[in-house]
Amino acid sequence: ETGVTQSPTHLIKTRGQQVTLRCSSQSGHNTVSWYQQALGQGPQFIFQYYREEENGRGNFPPRFSGLQFPNYSSELNVNALELDDSALYLCASSLRGGPSYEQYFGPGTRLTVT
Amino acid sequence: GENVEQHPSTLSVQEGDSAVIKCTYSDSASNYFPWYKQELGKRPQLIIDIRSNVGEKKDQRIAVTLNKTAKHFSLHITETQPEDSAVYFCAASKGAQKLVFGQGTRLTINP
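Report on the accompanying structure. Since this is a predicted model, take the numbers as computed values, not measurements. (Residues numbered from 1 in each chain as written. Chains lettered and ligands numbered in written order. Predicted model: local features only at pLDDT ≥ 70, side-chain atom pairs only at ≥ 80, totals over all residues. Heavy atoms only, no water.)

Within chain B, the regular secondary structure consists of zero helices and eleven strands. Starting at the N terminus and walking to the C terminus, you meet the elements of chain B as β-β-β-β-β-β-β-β-β-β-β. The C-alpha atoms of chain B give a radius of gyration of 13 Å, which matches the 13 Å a tight globule of 111 residues would have. For chain B, the spread of C-alpha atoms along the three principal axes comes to 40 × 30 × 20 Å. Relative to all contacts within chain B whose residues are 6 or more apart in sequence, the contacts with residues 24 or more apart total 53%. For chain B, the accessible surface area stands at approximately 5400 Å², while carbon and sulfur atoms represent 45% of it. (Helix = DSSP H or I, 4+ residues; strand = E, 2+ residues; numbered from the N terminus. Rg over C-alpha atoms; globule rule 2.2 N^0.38 Å. Contact = heavy atoms within 4.5 Å. Areas by Shrake-Rupley, 256 points an atom, 1.4 Å probe, with all protein chains shown as cover.)

Turning our attention to the interface of chain A and chain B. Each partner contributes to the interface: chain A provides 21 residues, whereas chain B provides 17 residues. Approximately 1800 Å² of surface area, both sides summed, lies buried where chain A meets chain B, with 53% of it carried by carbon and sulfur atoms. On the chain A side of the contact with chain B, Pro43(A), Tyr101(A) and Phe105(A) bury the most area, a combined 34% of that side's loss. On the surface where chain A and chain B come into contact, there are seven residue pairs in polar contact (both at pLDDT 80 or more). Put simply, the parts of the chain that give the side of chain A that touches chain B at least two residues each are strand E4 (31–37), strand E5 (44–50) and strand E9 (87–94) of chain A. Residue composition of the side of chain A that touches chain B, by class: ten nonpolar, nine polar and two charged. (Buried area = accessible area lost by both parts, 1.4 Å probe. Polar contact = N/O pair within 3.5 Å; in protein donor to acceptor, adjacent residues only side chain to side chain. Nonpolar A, V, L, I, M, F, W, Y, C, P; charged D, E, K, R; others polar.)

Bringing the pairing of strand E4 (residues 32–38) of chain B into the picture now. Residues and elements named next belong to chain B. Burial runs high along E4: seven of the seven residues are buried. On E4, burial covers both faces: Tyr32, Pro34, Tyr36 and Gln38 on one face and Phe33, Trp35 and Lys37 on the other are all buried. The pairing of E4 with strand E5 (residues 45–51) spans six bridges and is antiparallel. The residue bridging Tyr32 from the neighbouring strand is Arg51, located in E5. (Buried < 20%, exposed > 50% of the residue type's maximum accessible area, 1.4 Å probe, protein only. Pairing = 2+ DSSP bridges.)

Before going further, it helps to examine the packing of aromatic side chains. Here a ring pair, both rings aromatic, is described through the centre-centre distance and the interplanar angle of the planes. With the rule as written, the count across this model stands at 14 aromatic pairs over all chains. Plain terms: the ring middles of Tyr35(A) and Phe101(B) are 5.8 Å apart, the flat faces sit at 85° to each other, and that makes the pair edge-to-face. You can see Tyr35(A) sitting in strand E4 and its partner Phe101(B) sitting in strand E10 (residues 100–101), one on each of two chains. You'll find Tyr35(A) and Phe101(B) in the same group, each marked buried. Each residue in the set Tyr35(A), Phe45(A), Phe105(A), Tyr36(B), Phe89(B) and Phe101(B) is aromatic and connected to the rest through ring pairs, giving one cluster. The residue whose ring lies beneath Arg96(A) is Tyr50(A), and the NZ or CZ to ring-centre distance is 4.4 Å. (Phe/Tyr/Trp six-rings, centres within 6.5 Å; stacked < 30°, edge-to-face > 60°. Lys NZ or Arg CZ within 6 Å of the ring centre and 35° of its normal.)

Our next topic: the side chain of Asp49(B). All names here are of chain B. Mapped onto the elements, Asp49 comes out in strand E5. Side-chain polar atoms of Asp49 contact the side chain of Tyr32, separated by 2.8 Å. Among the polar contacts made by the side chain of Asp49, one reaches the side chain of Lys57 at a distance of 2.9 Å. With near-sequence residues (within four places) excluded, Asp49 lies in contact with Tyr32, Phe33, Pro34, Lys57 and Val64.

A few words on the sheet that holds strand E8 (residues 72–77) of chain B. All names here are of chain B. A sheet is described by the order of its strands in space; here five strands give the open sequence E1-E3-E8-E7-E6, paired in antiparallel fashion. At either margin of the open sheet sits one strand with a lone partner, and together these are strand E1 (4–7) and strand E6 (56–59). Taking the axes of each pair of neighbouring strands and ignoring which way they run, one obtains an average angle of 15° across the sheet. Here E1 pairs with strand E3 (residues 19–25) via four bridges, running antiparallel. When the bridges of E3 are listed, Glu5 appears paired with Thr24. (Axes fitted to C-alpha atoms, helices over the stretch in contact; angles between N-to-C directions.)

For soluble globular proteins, nonpolar side chains are generally found buried alongside one another. Grouped together as the largest cluster of nonpolar side chains are 25 residues, with contacts concentrated most on Trp35(B), Phe73(B), Leu75(B), Tyr88(B) and Leu107(B). Put simply, the parts of the chain that give this core at least two residues each are strand E2 (10–14), E3, E4, E5, strand E7 (62–67), E8, strand E9 (86–92) and strand E11 (105–110) of chain B. By size, the runner-up hydrophobic cluster in this structure holds 20 residues, among which are Leu11(A), Leu21(A), Val32(A) and Trp34(A). (Core = buried A, V, L, I, M, F, W, Y, C linked by side-chain atoms within 4.5 Å.)

Within this structure, the stated rule accounts for eight salt bridges over all chains. Arg57(A) serves as the salt-bridge partner of Glu54(A), at 3.2 Å between the closest nitrogen and oxygen. The exposure class of Arg57(A) is partly exposed, given its relative accessible area of 30%. When the shortest N-O distance is used, the salt bridge between Asp27(B) and Lys94(B) registers 3.0 Å. Taken together, the positions of Asp27(B) in the loop between E3 and E4 and Lys94(B) in the loop between E9 and E10 put the pair 67 residues apart, joining distant regions of the chain. For Lys94(B), a relative accessible area of 36% translates into the label partly exposed. Within the structure, one salt-bridge network assembled from shared partners comprises Arg63(A), Glu82(A) and Asp85(A). (Salt bridge = Lys/Arg side-chain N within 4 Å of Asp/Glu carboxyl O.)

Written out as structure tokens, the structure reads:
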């Protein structure tokens, strides 16, 4: 198991609502990446945060936004939820500038939009 | 942008046989190629990775090979066991930047 935690584990929301997902990175890591994994698909990159700044963004609309805090934990916010937002949301932490490129994944948050 | 193609999408092998999963990538600047195993409802777990300055890496029953010229890399699992059954994903990145994943391979080991 990695030291990356996510909350909540599961979430059910209604179309049009807003949601906030949280991620605590592994101790010593300074970078958090967020991925969306639809059922039966590979994870898709949403964005990455390094030192509280967005450092790269995938092909997701602006209603997907994020934050990184001074302790390197992170939030993913999704506004105006759509049915297609139903997915497993994974965060991964890593140490930018370190010897390893490995990203350590959290257990994910399963979001269901009805 | 980077695109990673993975095949086959499903693979069924007899216990004890070998399994091979192949991926191709499009961005020649990619230099890091991890493989993840994901069991149902669980997080992706890194099983092996390789950097572009290495052609092959082995860890017990698992090996990865990389052909930079052809821009493809492969996962080899030998002496397969029932616990190897899972979905496997390849990925590519430039260093610690975003991972671009393949579509996944569902591997089934038949006893």
